[in-house]
Amino acid sequence: TLKLVGKNYAGYGEIQNENFVHLLENFSSANSPANPLSGQIWFDSCHASGEQQYGAKDECQAAFCRDEASHDALTGLLNRRELIARLETELTRAERHPKPLTIFLLDIDHFKNINDTYGHKTGDRVLKSFAALLHRQLRRIDLCGRYGGEEFVVALPETALPEALGMAERLRSQVETNPDLVPDENRNITISIGVAEYPRHGQKITELIEFADKALY
């Protein structure tokens, strides 16, 4: 069994064929934890027959296409459409059991000034660096995605508000004290975080995000 690693970093699926010994990844120089696969996937077919080879190649390509469709091209995090779909799944799970679910809406403060001062290329690098930091700080059960522009959404399953607030403060502090998020510039960035808990602040994903958005200000 070979694990297929895509832009979601945790792995996308598996090839159920023990004859394929290696599945290789071609990383570019822009490789990062949030976006580890920026090149193409190929595999070592030295132990595969021709029929098996083409079958696995098709499977690899199909999984890669699914990964491309569900993840943000710049940051490697979930894109907005996939994020909302998975949030709905988590909400259904929280309703069924029932268990708490907390959502963060994160916004990079004064991001327009970064673009205006240092250029959009640096702005893109800030978004990628922040996404990588965000990915590292979260648990495996958590969801994170790019909601739009410099806004990101995090979902914390089975996490009540008091614990979530502590996580939000630790994340805010990690960003504020990290000097590497603005590449080649001697400055830090800060973020604002709005927090909403199901069912206290909303019964639907749209309601929770709306509450978290208002809590930003």
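Only a predicted model underlies this, so the values are computations on that prediction, with no experimental measurement involved.

Draft legend 1. Spotlight on the overall build of the protein chain. Scanning the protein chain from terminus to terminus reveals 6 helices and 8 strands. Counted from the first residue to the last, the protein chain has its helices and strands arranged as β-β-β-β-α-α-β-α-α-β-β-α-β-α. The burial tally for the protein chain puts 44% of its 217 residues in the buried class. Looking at the protein chain alone, contacts between residues at least 24 apart form 61% of all its contacts between residues at least 6 apart. Of the accessible surface of the protein chain, which amounts to about 11500 Å², a share of 47% is contributed by carbon and sulfur atoms.

Draft legend 2. Structural context of helix H4 (residues 120-137). Spanning 18 residues, H4 covers 26 Å between terminal C-alpha atoms, matching the ideal 26 Å at 1.5 Å per step. Looking only at H4, the buried set comprises Thr122, Gly123, Val126, Leu127, Phe130, Ala131, Ala132, Leu133 and Leu134. Here the buried face of H4 lies against strand E5 (101-108), helix H3 (111-118), strand E6 (143-148), strand E7 (151-157), helix H5 (161-176) and strand E8 (191-198).

Draft legend 3. Representation of the pairing of E6 within the structure. With 5 of its 6 residues buried, E6 lies for the most part within the structure. Bridge count between E6 and E7: 5 bridges; the pairing is antiparallel. Paired with Cys144 across the two strands is Val154, which belongs to E7. In this antiparallel pair of consecutive strands, E6 and E7, the connection spans 2 residues, and Gly149 shows a positive phi of 60 degrees.

Draft legend 4. Inspection of unusual backbone geometry at higher detail. Cis geometry marks the peptide bond from His97 to Pro98, where omega comes out at -20 degrees. Its place among the elements puts Pro98 in the loop between helix H2 (80-96) and E5. Put simply, Tyr198 and Pro199 share a cis peptide bond, and its omega is 0 degrees. Along the chain, Pro199 falls in the loop between E8 and helix H6 (205-215). The phi dihedral of His110 is positive, around 55 degrees, even though this residue is not glycine. With respect to the helices and strands, His110 occurs in the loop between E5 and H3. Phi at Glu158 is positive, roughly 55 degrees, even though this residue is not glycine. Turning to its location among the elements, Glu158 is positioned in the loop between E7 and H5.

Draft legend 5. How the structure looks around the environment of Glu151. Checked against the element boundaries, Glu151 lands in strand E7. By relative accessible area, Glu151 is classed as buried at 19%. With 45 residues separating them along the chain, Glu151 and Leu106 place their C-alpha atoms 5.5 Å apart. Discounting residues that sit within four places of it in the chain, Glu151 has contacts with Leu105, Leu106, Asp107, Arg146, Asp213 and Leu216.

Draft legend 6. Representation of the packing of H3 against H4 in the model. As a packed pair, H3 and H4 sit with axes 7 Å apart at the nearest point and diverge in direction by 140 degrees. Viewed along their axes, H3 and H4 adopt a mutual orientation that is oblique. Across the interface between the two elements, Phe111, Ile114, Asn115 and Tyr118 from H3 touch His120, Thr122, Gly123, Val126 and Leu127 from H4. Split into classes, the residues belonging to the contact of H3 with H4 amount to 5 nonpolar, 4 polar and no charged.

Draft legend 7. Layout of H3. Within the sequence span of H3, burial applies to Phe111, Ile114 and Asn115. Viewed along the axis of H3, the buried residues span an arc of 95 degrees, placing them on a single side of the element. Relative to its buried face, H3 has exposed residues pointing more than 90 degrees away, namely Lys112, Asp116 and Thr117. At its buried positions, H3 is contacted by E5 and H4.

What counts and how
- Residues numbered from 1 in each chain as written.
- Predicted model: local features only at pLDDT ≥ 70, side-chain atom pairs only at ≥ 80, totals over all residues.
- Heavy atoms only, no water.
- Helix = DSSP H or I, 4+ residues; strand = E, 2+ residues; numbered from the N terminus.
- Buried < 20%, exposed > 50% of the residue type's maximum accessible area, 1.4 Å probe, protein only.
- Contact = heavy atoms within 4.5 Å.
- Areas by Shrake-Rupley, 256 points an atom, 1.4 Å probe, with all protein chains shown as cover.
- Expected span 1.5 Å × (residues − 1).
- Pairing = 2+ DSSP bridges.
- Axes fitted to C-alpha atoms, helices over the stretch in contact; angles between N-to-C directions.
- Parallel < 35°, antiparallel > 145°, perpendicular 65-115°, else oblique.
- Nonpolar A, V, L, I, M, F, W, Y, C, P; charged D, E, K, R; others polar.
- Arc of directions from axis to C-beta.

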